[in-house]
Amino acid sequence: MGDFVGQTAIVTGAAQGIGRAIAAELASQGANLAICDLRSEKLTAFAQELAASASGQILARRVDLSRAQEISDFVREVEERFARIDILVNNAGIHPLHAIEEISDEEWDLVLAVNLKAHFHLCKAVLPAMRRRRYGRIINISSEAGKNGGTIAALHYSASKGGVLAFTRNLAQQVGSDGITVNAICPGRIASEMSGSVTPEENQRFIDKSIVKRLGTPEDIAFAVAYLAHPRASFVTAETMNVNGGTLRD
Ligand SMILES: NC(=O)c1ccc[n+]([C@@H]2O[C@H](COP(=O)([O-])OP(=O)(O)OC[C@H]3O[C@@H](n4cnc5c(N)ncnc54)[C@H](O)[C@@H]3O)[C@@H](O)[C@H]2O)c1
């Protein structure tokens, strides 16, 4: 398949887990990729792997998404290198497991900065290029926790993911007439480092509650992203797609 040949996609948090699978999926369909993460060694190794098999070009940069300047420098470099940005996938996220009493102001601010404010900075930075070409696909990775509040003590995480949903709907109505869609995905529990930090019992509870009786895979989310990123998904916007094996049904 080459549905994204000639297009450029930014994927954040692509060194591992869901972001890595999203980047691999878009690259396998011919996209040029601009990937970023805090973990530069892992990201570079992945970029080298991708470059060996993908037909598109790969740009990989260490970016700390809690720093606005690093985001704008990264997006400027992507524009200079590829002259267009078609797809933005806001995927990176953090999920510290702390009860409310244990959450410091600093930790609260960091979770909101990475999980929500970075979306604002990235969208603001890519929108001029998307508007100029009257085309864009923005996909924000939220969470089931953004809808139901979550089942694990991570108040800031759930608040940030709920914020991503409102952010998605509001931005969608601001940019729709410019040919830009903005959608969110709410993954259920996905096998990754993040879900590895909760207890096996907690993950088993998710599996028991699901219809398909398994955790999700990063590839399950990547496939949903590829659909929302597709040029033919032009009538899908302000939507939240559950990819959760049937746990939360709404
Ligand atoms: N795994 C799950 O069960 C699950 C469920 C629902 C939603 N999600 C969401 O999916 C997304 C990806 O999660 P994952 O499971 O792959 O997690 P992960 O922890 O495996 O990967 C997250 C990536 O984001 C990067 N990152 C963290 N802080 C960053 C920063 N300041 N700047 C740049 N990069 C940074 C990390 O280095 C890491 O590579 C997250 O937004 C997460 O909230 C995951």
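Structure's up top.
What you see is a predicted model; the values in this text were computed from it and never measured. (Residues numbered from 1 in each chain as written. Predicted model: local features only at pLDDT ≥ 70, side-chain atom pairs only at ≥ 80, totals over all residues. Heavy atoms only, no water.)

**Focus on the overall build of the protein**
The condition is simple: The numbering of helices and of strands both runs from the N terminus, where a helix is a DSSP run of H or I of at least 4 residues and a strand a run of E of at least 2. Using C-alpha atoms as the atom set, the radius of gyration is obtained and then compared with a globule rule of 2.2 Å times the number of residues to the power 0.38. Note on classification: 1.4 Å probe, protein chains only; a residue is buried when its accessible area is under 20% of the maximum for its type, exposed when over 50%, partly exposed between these limits. Contacts between residues were defined by any pair of non-hydrogen atoms, one from each residue, lying within 4.5 Å. Computed with the Shrake-Rupley method and a 1.4 Å probe, the accessible areas treat only the protein chains shown as cover for residues. All tallies of charge rest on Lys and Arg as positive and Asp and Glu as negative; His and the ends of each chain are not included. Lysine's charge is taken at NZ, arginine's at CZ, aspartate's at CG and glutamate's at CD.
From N to C terminus, the protein includes 9 helices and 7 strands. Rg of the C-alpha trace for the protein: 17 Å, near the compact-globule value of 18 Å for 250 residues, within the 12% margin. With respect to the three principal axes, the spread of C-alpha positions in the protein is 45 × 40 × 40 Å. The 250 residues of the protein split such that 52% are buried. When contacts within the protein are restricted to residue pairs at least 6 apart in sequence, those whose partners lie at least 24 apart make up 74%. Counting every atom, the protein has about 11,300 Å² of accessible surface; 53% of that belongs to carbon and sulfur. Put simply, the protein has 26 plus and 28 minus side-chain charges, and the middle of one group is 7 Å from the middle of the other.

**Here we look at the pairing of strand 6 (residues 180–187)**
Which entries qualify depends on this criterion: When DSSP finds two or more bridges between two strands, those strands count as paired.
Most of strand 6 sits out of view: 8 of its 8 residues are buried. Burial along strand 6 is two-sided: the residues Ile180, Val182, Ala184 and Cys186 and Thr181, Asn183, Ile185 and Pro187 are all buried. For strand 5 (residues 136–141) and strand 6, the ladder comprises 6 bridges, and the chain directions are parallel. Looking across to strand 6, one finds that isoleucine 139 is bridged to asparagine 183. In the sheet, strand 6 pairs with strand 7 (residues 240–243) via 4 bridges, with the strands oriented parallel.

**With respect to the pattern of salt bridges**
Counted only if it meets this: Salt bridge criterion: a side-chain nitrogen from Lys or Arg within 4 Å of a carboxyl oxygen from Asp or Glu.
Summed over the entire model, instances satisfying the criterion amount to 15 salt bridges. Across the salt bridge formed by arginine 76 and aspartate 73, the nearest N and O atoms sit 3.5 Å from each other. Of this pair, arginine 76 and aspartate 73 both sit in helix 3 (residues 68–82), separated by 3 residues, roughly a single helical turn. The class of arginine 76 is partly exposed, set by a relative accessible area of 44%. Judged by relative accessible area, aspartate 73 falls into the partly exposed class, the value being 36%. The salt bridge partner of arginine 131 is aspartate 178, with a shortest N-O separation of 2.7 Å. On the criterion of sequence distance, the pair formed by arginine 131 in helix 4 (residues 105–133) and aspartate 178 in the loop between helix 6 (155–175) and strand 6 is long-range, its members being 47 residues apart. Relative accessible area serves as the criterion here: at 35%, arginine 131 is assigned to the partly exposed category. Owing to a relative accessible area of 15%, aspartate 178 belongs among the buried residues under this scheme. Connected via shared salt-bridge partners are Asp64, Arg67 and Glu70.

**Here's the deal with the sheet that holds strand 5**
By way of backbone hydrogen bonds, the strands of a sheet pair with one another, either parallel or antiparallel. This is how it is decided: All axes here are fitted lines through C-alpha atoms, helices being fitted over the stretch that makes contact, and every angle between N-to-C directions spans 0 to 180 degrees.
Spatial ordering of the open sheet is given by 3-2-1-4-5-6-7, a layout of 7 strands whose pairing is parallel. Among the strands making up the open sheet, the edge pair consists of strand 3 (58–62) and strand 7. Geometrically, the sheet is characterised by an average inter-axis angle of 15° between neighbouring strands, direction not taken into account. Note: strand 1 (residues 8–12) against strand 4 (residues 87–90), 3 bridges, orientation parallel. Its bridge partner being in strand 4, alanine 9 is matched across the sheet by isoleucine 87. With respect to the sheet, helix 3 is in contact with strand 1, strand 2 (32–37) and strand 3, its orientation differing from that of strand 3 by roughly 165°. In this fold helix 4 packs onto strand 1, strand 4, strand 5 and strand 6, with an angle of close to 175° to the strand it touches most, strand 4.

**Some thoughts on the nonpolar core**
What counts is decided by this rule: Here the nonpolar core consists of buried residues drawn from Ala, Val, Leu, Ile, Met, Phe, Trp, Tyr and Cys, with membership extended through side-chain atoms lying within 4.5 Å.
One finds Val11, Ile22, Leu26, Leu33, Ile35 and Ile185 to be the most contacted residues of the largest nonpolar core, which totals 35 residues. Mapped onto this core, the elements with two or more residues apiece are strand 1, helix 1 (17–28), strand 2, helix 2 (40–53), strand 4, strand 5 and helix 9 (218–229). Take this core: its biggest share by element is 7 residues, from helix 9. Not counting residues up to four positions away in its chain, the partners in contact with leucine 26 are Phe4, Ala9, Val11, Ala31, Leu33, Ile87, Val89 and Ala226.

**Considerations on the site of the ligand**
So the rule is basically this: Proximity is defined per residue: any heavy atom of the residue falling within 4 Å of a molecule or strand makes that residue near it. Polar contacts here mean pairs of N or O atoms no more than 3.5 Å apart (in protein, one a potential hydrogen donor and the other a potential acceptor; neighbouring residues in sequence count only if both atoms are side-chain atoms).
Near the ligand lie 29 residues; those nearest to it are Asp37, Asn91, Tyr157, Ile190 and Ser192. At 2.6 Å, a backbone N or O of asparagine 91 approaches an oxygen atom of the ligand. Contact with the protein chains removes 95% of the 830 Å² of surface that the ligand exposes when unbound. Those elements giving two or more residues to the shell around the ligand turn out to be helix 1, helix 6 and helix 7 (193–196).

Purely geometric stuff here, so don't read any function into it on its own.
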